[in-house]
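Here is what each chain is made of, one letter per residue.
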Amino acid sequence: MSPAGSDATADPTADGGGTGSSLSDLLAGSLAGVAVVLVGQPLDTVKTKLQTFRGLYTGPVQCLAHTYRKSGFRGLYAGSSPAMVAGVAENSVLFASYGLCQRAVAAITGARDAKQMDAFSNAVAGCAASVFSSVVLCPAELVKIKLQAGRELAESRGQRFQGSVYRVTKDIMRHHGPGGLFRGLEMTVAREMPSYFCFFGVYEMVREALKPAGRTRADCGLLATTAAGAAGGVLLWTVTFPVDVVKSRIQLDDAMPTRGWTMCMFHVYRNEGVVALYSGLAPTLIRCVPSSAVLFLVYEYTKKLFEP
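Rules of the game
Residues numbered from 1 in each chain as written. Predicted model: local features only at pLDDT ≥ 70, side-chain atom pairs only at ≥ 80, totals over all residues. Heavy atoms only, no water. UniProt positions renumbered as here; feature names shortened; annotations may be inferred. Axes fitted to C-alpha atoms, helices over the stretch in contact; angles between N-to-C directions. Helix = DSSP H or I, 4+ residues; strand = E, 2+ residues; numbered from the N terminus. Parallel < 35°, antiparallel > 145°, perpendicular 65-115°, else oblique. Left-handed = near helix turned anticlockwise from the far one by under 90°. Nonpolar A, V, L, I, M, F, W, Y, C, P; charged D, E, K, R; others polar. Core = buried A, V, L, I, M, F, W, Y, C linked by side-chain atoms within 4.5 Å. Buried < 20%, exposed > 50% of the residue type's maximum accessible area, 1.4 Å probe, protein only. Contact = heavy atoms within 4.5 Å. Phe/Tyr/Trp six-rings, centres within 6.5 Å; stacked < 30°, edge-to-face > 60°. Disulfide = S-S within 2.5 Å. Patch = residues over 30% accessible without salt bridge, like charges linked within 9 Å, V, L, I, M, F, W, Y side chains within 5 Å. Areas by Shrake-Rupley, 256 points an atom, 1.4 Å probe, with all protein chains shown as cover. Salt bridge = Lys/Arg side-chain N within 4 Å of Asp/Glu carboxyl O. Polar contact = N/O pair within 3.5 Å; in protein donor to acceptor, adjacent residues only side chain to side chain.

By the naming in an unreviewed UniProt entry, the chain is Mitochondrial ornithine transporter 1, taken from Aphis gossypii. Of the chain, the UniProt comment under Subcellular location (unreviewed entry) reads exactly: "Mitochondrion membrane".

Dropping the structure here:
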């Protein structure tokens, strides 16, 4: 059935219980990842620049305008290729793992199937699923960040930045080997686990609150799904943004140590204040509302195509 002809969206807690369900989760998550990058990449670029070069720009608007004047739309979509890879890899693995983790949590808690799970159980499933997605996300996000803020880093050192996905990846491999692609993995996991505990928990809680009377979460329509996705995204970033700030700085600059990242966070707090740990939050929250909404809309309606 075409999703355009339905008032309802598919339920990610639907327990397909087999390979078909996992494959549909994988495809739906992949398409959702592409959609998120197309919608949110310019503001993600602004976020990265503000996180890593606080003080260089007066705010997100000036950063956005300066980047556009300097490099045009190409600058705003810097790192979009690895971001697309990251989005597809993360969301396909995340949602496929989420479906499997839901079934595991349902079995442990004694729920008849994933549809009967409460918001907390779904949050636990999302938290567990994020461990798997972090592994595929980290290398692509590392390259993306180096492309997004590499020009500022090079200019601060009196150098010229000539970056491309190939050059950045080749440089990482030459200096650090394959393991260098996983620089920041510990921080990625530390960010993703609480993020997706909040994300999926709030998403399911809002859908439960907005479902039609006497119906299930699967019967939530367009507005309810959009609101649930946006609410989950806002809480996700608000809770874990300080970790993301430190991760971005460490992944951008190879001179920064990766061990003791919690001490690095304390160092930022002590020298730059708590505001520095939330530098770039404004464009992130603005971005995450449409991005999170698009993420779940594309995911839900793609899943609907696989329903018998």
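Don't stop here, the text continues.
J.: Break down the packing of helix H3 (residues 80–109) against helix H4 (residues 119–156) for me, with residues and values.
T.: H4 packs onto H3 with a crossing angle of 165 degrees between their chain directions and a minimal axis gap of 6 Å. In terms of axis orientation, H3 runs roughly antiparallel to H4. Relative to H4, H3 is oriented so that their crossing is right-handed. Its residues assigned to classes, the contact of H3 with H4 shows 20 nonpolar, eight polar and three charged.

J.: So what's going on with the environment of Tyr196? Residues and values would help.
T.: Mapped onto the elements, Tyr196 comes out in helix H6 (residues 185–210). Sequence separation between Tyr196 and Thr238 is 42 residues; the distance between their C-alpha atoms is 12 Å.

J.: Please give an account of the nonpolar core that cites residues and values.
T.: Ranked by size, the top nonpolar core spans 28 residues in total, and within it Phe95, Tyr98, Tyr196, Phe199, Phe200, Leu295 and Phe296 carry the most contacts. Only helix H1 (19–52), H3, H4, H6, helix H7 (222–252) and helix H9 (281–305) provide two or more residues apiece to this core. Apart from the residues within four sequence positions on either side, Phe95 is in contact with Asp25, Gly29, Phe200, Leu295, Phe296 and Tyr299. Counting 10 residues, the second-largest nonpolar core is a separate cluster that includes Met187, Ile250, Trp261 and Val268.

J.: Break down the packing of aromatic side chains for me, citing the residues and quoting the values.
T.: Throughout the structure, instances matching the rule amount to nine aromatic pairs. Ring geometry for Tyr196 against Phe199: centres 5.5 Å apart, planes inclined by 55 degrees, an arrangement best described as tilted. Of this pair, Tyr196 and Phe199 are both found in helix H6, three residues apart, which corresponds to roughly one turn of the helix. Just as Tyr196 is buried, Phe199 falls in that class too. Here Phe199 and Phe200 contribute two aromatic rings whose centre-to-centre distance is 5.8 Å and whose plane-to-plane angle is 50 degrees, an arrangement assigned as tilted. Taken together, the ring pairs connect Tyr98, Tyr196, Phe199 and Phe200 into an aromatic cluster.

J.: Quick rundown of the state of the cysteines? Include the residues and the values.
T.: Here the structure, examined in full by the defined rule, presents zero disulfides. Just so you know, Cys127 is unpaired, no disulfide at all, and the nearest cysteine sulfur is the one on Cys198, 9.2 Å from it. By relative accessible area, Cys127 is classed as buried at 16%.

J.: For a nonpolar patch on the surface, give the residues involved together with the corresponding values.
T.: A cluster of nonpolar side chains, namely Met263, Phe266, Tyr269, Val274, Val275 and Tyr278, defines an oily patch on the protein surface of about 600 Å² accessible area. Along the chain, Val274 turns up in the loop between helix H8 (261–272) and H9.

J.: Requested: an account of the UniProt feature "repeat: Solcar" (unreviewed entry) in the chain, with residues and values cited.
T.: According to UniProt, the "repeat: Solcar" (unreviewed entry) feature falls on residues 20–104, 117–209 and 220–305. Across residues 117–209, the secondary structure splits into 81% helix and 0% strand, with the terminal C-alpha atoms separated by 14 Å.

J.: Could you give an account of the pattern of salt bridges, with specific residues and numbers?
T.: Scanning all chains against the criterion turns up 18 salt bridges. The salt bridge involving Glu155 is made with Arg151; its shortest N-O contact spans 3.4 Å. Of this pair, Glu155 and Arg151 are both found in helix H4, four residues apart, which corresponds to roughly one turn of the helix. You can call Arg151 buried: its relative accessible area is 15%. Across the salt bridge formed by Arg191 and Glu192, the nearest N and O atoms sit 2.9 Å from each other. By relative accessible area, which is 4% here, Glu192 ends up buried. Taken together, the shared-partner salt bridges in this structure form one network comprising Asp44, Lys47, Glu141, Lys144, Arg191, Glu192, Asp244, Lys247 and Arg287.

J.: Talk me through the environment of Ile250; I want residue IDs and the actual numbers.
T.: Its location among the elements puts Ile250 in helix H7. Counting along the chain gives 11 residues from Ile250 to Trp261, while the straight-line C-alpha distance between them is 8.5 Å.

J.: Let's hear about the side chain of Gln41: which residues, and what values?
T.: Within the secondary structure, Gln41 sits in helix H1. Polar side-chain contacts of Gln41 include one of 3.0 Å to the backbone oxygen of Ala78. For Gln41, the contacting residues outside a window of four places in its chain are Val36, Leu76, Tyr77, Ala78, Gly79, Ser80, Ala83, Lys144 and Gln148.

J.: Residues and numbers for the side chain of Lys49, please.
T.: You can see Lys49 is positioned in helix H1. Only 2.9 Å separates the side chain of Lys49 from the backbone oxygen of Gln148, close enough to count as a polar contact. Engagement of the side chain of Lys49 in a polar contact is seen with the side chain of Glu152, the distance being 2.6 Å. Once residues within four sequence positions are removed from consideration, Lys49 is found in contact with Arg54, Tyr57, Cys63, Thr67, Gln148, Arg151 and Glu152.

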